[in-house]
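One-letter residues, chain by chain:
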Amino acid sequence: MEEINIYEEEISLREIISVLKKRLRLITVVVAICIMAAATYTFWIKKPVYESYTTIMVGKPVQRVQDSSAPITYQELQTNRLLVSTYGEIAKSRSTLEEVLRRLNLNTTYEKLKSRIKVNLVKNTEIIEIRVSDHDPVMAATIANAVSESFSRQVIRIMNVENVQVIDEAIPIYQKVQPKPVLNLSLSLILGLMMGVFFAFLQESFDTSIKSPEDVAKYLGLPVIGSIPYIEKGEVA
Amino acid sequence: MEEMDAQLFVMDDPKSVVSEAFRVLRTNLQFSSIDRPLKKVVVTSSIPQEGKSTVIANLAVSIASAGSRVLLVDADLRRPKLYKLFLLENYKGLSNLLAEDLPLDTVVNTTKVENLHVITSGPVPPNPAEVLGSAKMKNFLDEVASLYDMVLIDAPPVNSVADAAILSTLVDGVILVVEEGSTEREAAVAAKQQLDKVNARILGVVLNKVKQQKGGGYYYYYYYYGEGDHKRKKKKIT
């Protein structure tokens, strides 16, 4: 009994491979279409996006610089760390971003600007990183700096302390962050292969023609007494 | 254009893979009737364009070249094809023979192949099914069966008209042509049921237009027959 099972399984695996082989052209076409679509999107349609960032440190109130006798206490440090997440939200707040829009005369909305701004809290530090993306690298840096400036002002207004310091000003970075050709193309390759194989089996399941002597035995219960090979007209085999 | 697809491989190129396949068919046919004499055989298919005429013509050539006297009758009175294949005129044929009581030798055509004679369909009658089902047709078949070693009859498709089913009751066996990768299962099953209904003796199926696997055409078929045996044996044992 076991022997039969092994045999049948071997057949079905062989069948799968033969289906894939037979529909190879279909699979190739689907893969090619997917890759072409992804390439078109990546290289022609999608505008390049650049990202620029500025880092800001929370803490170290300015007064202390003048009065350097008192050291920073652990208590203060902890407080600042807790404050960081609050500050992160302030950086993304509407009043901050609307001030940026006003100052830079940007022709966009607050929501759109917000979607282009990422505020990262660097873990276990008092540092906030503000990343801004734009189609123009210089503009990205300008906006990032404007955000950090109005953020400082907002902190003063809200918290009544001036304890925000810019570590790194944003500078234009001419490295595209989007589109990502390698990622897009490899994703499209995988997607195309999956779709191609799916279509191949779909087509195979819709093809109810008799394809082998086994089919004749299975559906007709008749013996095959001859197999005449297919010869193209004029071809001599 | 479709009519020109048919070819006489066996006559034109006896050493080809196709000719070899027809020789295998010829042998299988011989062995499929050891006890019952097999003289009159109808070749049909479920639907048109599956290659009936090509199969029957090449089979006829193949049997004739083995030394048997073969008569090939085109009983597809509606869409005759054999006369084109053998480059014959079709002014006079089976329909005249049955309708006008002509003597046999006035409609029998000789061919380039020794031992192979062909009767073309003749003009299309208004009532092909009746003509084929007539007592005259039966008498005609009995007569030619005594004159030839093998009478092969090309019939219209089973699923389209009743002709093939009618013919199959007058003969010793029926061969069903199935085009690989094209004939639908349902069509083939319907054809078989149709033939079973009239108690036809179906000798077997000829798979036509079998796609060859690259690099192993000739070998593949022989390997297949071997493999088939192997499989059956295996199932019996376990």
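Residues numbered from 1 in each chain as written. Chains lettered and ligands numbered in written order. Predicted model: local features only at pLDDT ≥ 70, side-chain atom pairs only at ≥ 80, totals over all residues. Heavy atoms only, no water.

### Here we look at the overall build of chain B
Helix and strand counts for chain B come out as ten helices and seven strands. The buried share of chain B, taken over its 238 residues, is 55%. Pairs at least 24 residues apart make up 80% of the contacts formed inside chain B by residues separated by at least 6 positions. Accessible surface, chain B as shown: approximately 11000 Å² in total, 52% of it carbon and sulfur. (Helix = DSSP H or I, 4+ residues; strand = E, 2+ residues; numbered from the N terminus. Buried < 20%, exposed > 50% of the residue type's maximum accessible area, 1.4 Å probe, protein only. Contact = heavy atoms within 4.5 Å. Areas by Shrake-Rupley, 256 points an atom, 1.4 Å probe, with all protein chains shown as cover.)

### Things to note about a nonpolar patch on the surface
Residue and element names in this part refer to chain A. On the surface, a cluster of nonpolar side chains totalling about 590 Å² of accessible area is made up of Leu-191, Met-195, Phe-198, Phe-199, Leu-202 and Phe-206. With respect to the element layout, Leu-202 can be found in helix H8 (residues 181–206). In this structure Leu-202 comes out as partly exposed when scored by relative accessible area, which is 34%. (Patch = residues over 30% accessible without salt bridge, like charges linked within 9 Å, V, L, I, M, F, W, Y side chains within 5 Å. Salt bridge = Lys/Arg side-chain N within 4 Å of Asp/Glu carboxyl O.)

### Describing the pattern of salt bridges
Charged atoms that come close allow side chains of opposite charge to pair. Residues and elements named next belong to chain B. Summed over the entire model, instances satisfying the criterion amount to 18 salt bridges over all chains. The closest approach of N and O atoms between Arg-23 and Glu-20, which form a salt bridge, is 3.2 Å. Residue Arg-23 and its partner Glu-20 are located together in helix H2 (residues 17–31), separated by three residues, close to a single helical turn. Among the ionic pairs, Lys-138 bridges to Asp-142, the shortest N-O distance being 3.6 Å. In this pair, Lys-138 and Asp-142 both sit in helix H7 (residues 135–147), four residues apart, roughly one turn of the helix.

### As for helix H4 (residues 74–92) of chain A
Residue and element names in this part refer to chain A. When the terminal C-alpha atoms of H4 are compared, their 28 Å separation across 19 residues agrees well with the 27 Å that a helix rising 1.5 Å per residue should span. Largest kink in H4: about 35 degrees, centred on Val-84. Elements that come into contact with the buried residues of H4 comprise strand E1 (49–58), helix H5 (94–104), strand E2 (117–121), strand E3 (127–134), helix H7 (137–159) and strand E4 (164–168). (Expected span 1.5 Å × (residues − 1). Bend = angle between axes of the 7 residues up to and from the residue.)

### What about the confidence of the model for chain B?
Residues and elements named next belong to chain B. For chain B, the average pLDDT comes to 83, and 86% of its residues sit at 70 or higher. The spread of mean pLDDT over the elements of chain B runs between helix H10 (residues 217–237), the lowest at 41, and strand E5 (residues 150–154), the highest at 95. Per-residue pLDDT stays below 50 along residues 214–238; that stretch engages in 27 contacts with residues further than four places along the chain or on separate chains. (pLDDT = per-residue confidence, 0-100.)

### A few points about the sheet that holds strand E1 (residues 40–45) of chain B
If you trace the eight strands from one edge of the open sheet to the other, you get E6(A)-E7(B)-E6(B)-E1(B)-E5(B)-E2(B)-E4(B)-E3(B), paired in mixed fashion. The strands lining the two open edges of the sheet, one partner per strand, are strand E6 (224–229) of chain A together with strand E3 (108–110) of chain B. Ignoring which end each strand starts from, the neighbouring axes of this sheet average 25 degrees apart. As defined by bridge partners, strand E6 (residues 173–179) of chain B adjoins strand E7 (residues 202–210) of chain B across six bridges and the pair is classed as parallel. Counterpart to Val174(B) in the pairing with E7(B) is Ile202(B). Of the strands in this sheet, E6 of chain A together with E1, strand E2 (70–74), strand E4 (116–119), E5, E6 and E7 of chain B touch helix H3 (residues 52–65) of chain B, which is tilted by about 170 degrees from E5(B). Relative to E6(B), helix H9 (residues 185–197) of chain B is tilted by about 170 degrees, and along the sheet it contacts E1, E6 and E7 of chain B. (Pairing = 2+ DSSP bridges. Axes fitted to C-alpha atoms, helices over the stretch in contact; angles between N-to-C directions.)

### Quick word on H7(B)
Residue and element names in this part refer to chain B. Between the first and last C-alpha of H7 there are 19 Å, a value that for 13 residues agrees with the 18 Å anticipated at 1.5 Å per step. For H7, the complete set of buried residues consists of Met-137, Phe-140, Leu-141, Val-144 and Ala-145. Projected down its long axis, H7 shows its buried positions confined to an angular sector of 135 degrees, all on one face. Among the exposed residues of H7, those pointing more than 90 degrees away from its buried face are Ala-135 and Ser-146. (Arc of directions from axis to C-beta.)

### Focus: the pairing of E1(A)
Residue and element names in this part refer to chain A. By the criterion of burial, E1 is predominantly enclosed, with eight of the ten residues buried. Pairing of E1 with E3, which is carried by eight bridges, proceeds in the antiparallel orientation. Within E3, the position partnered with Ser-52 by the bridge is Val-132.

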